Amino acid sequence: MCKFVERTLKTHFTMALEQQIQKDIMEAMKAHDESRLNATRGIKSEILLAKTSGTEHELSDADVLKIIQKLVKQRKESAELYTQGNRPELAEKELAEMKVMEAYLPKALSEEEVRNILKEVVAEVGATGPKDMGKVMGAATKKLAGQADGRLISTIVKELLAQ
C-alpha cells in the first residue's frame, strides 16, 4: 500500500474521537452550555498541547483517552480541594466538567471484573511474588487501559502477589 493511502487511513481511523470532541464543542457553543463547552475545550487544548510537544503528530484514540482520563482525575482532585476549602460553587463546576469528560471514556469495569482480569494477567506473566509487581503492572495497565483506575489495579495486584 502506498504511504499516502496508509497515512490517510491511519488519520481517518485515529481522528474519530478528536473529531467528535470538535463537533461537541460546536454543539455546546450553539446550545450555550458553558460546562460542556469548558470541558470539551479543555480536552481539545490538551490534545493540541500533546500534538505540539511530542514527536508524534497524530494521536490515536487510546492517546486521547489517556488525556481525558488525566483531565477527569484533575477535575476530581480539584473538586475535593474546593470542597475542603469551603468553595462548593467551584467544586460543582469541576464536577460538572468531569461528568462531561467521563462521557468520552469507556465504561469502567467493576472491582470484581478487574480482579478476574488481573488474575489472568498474573498467570500469563508467570508472576510468583511481590518482586514481579512491575511486570504485572505493565501488562495490566495495557490490558485495562481506560477501564479501571490505576490505584485500584495496583491495590489488587499487590493483594494477588502477596498470596
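Residues numbered from 1 in each chain as written. Predicted model: local features only at pLDDT ≥ 70, side-chain atom pairs only at ≥ 80, totals over all residues. Heavy atoms only, no water.

## Some thoughts on helix H5 (residues 88-102)
The terminal C-alpha atoms of H5, which comprises 15 residues, lie 21 Å apart, in line with the 21 Å expected from a rise of 1.5 Å per residue. Among the residues making up H5, those that are buried are Ala91, Glu94, Glu97, Met98, Val100 and Met101. Tucked into the core, H5 has its buried residues touching helix H3 (34-53) and helix H4 (61-84). (Helix = DSSP H or I, 4+ residues; strand = E, 2+ residues; numbered from the N terminus. Expected span 1.5 Å × (residues − 1). Buried < 20%, exposed > 50% of the residue type's maximum accessible area, 1.4 Å probe, protein only. Contact = heavy atoms within 4.5 Å.)

## A closer look at the confidence of the model for the protein chain
Confidence in the prediction of the protein chain, expressed as mean pLDDT, is 85, and 89% of residues score 70 or more. Averaged pLDDT values for the elements of the protein chain fall to 40 in helix H1 (residues 3-14) and rise to 95 in H5. A low-confidence stretch, residues 1-14 (pLDDT under 50), is modelled with 7 contacts involving residues beyond four sequence positions or located in other chains. (pLDDT = per-residue confidence, 0-100.)

## Here we look at the environment of Leu81
For Leu81, the position within the fold is in helix H4. In the structure, Leu81 is positioned 10 residues away from Ala91 in sequence and 7.9 Å away in space, judged by C-alpha atoms.

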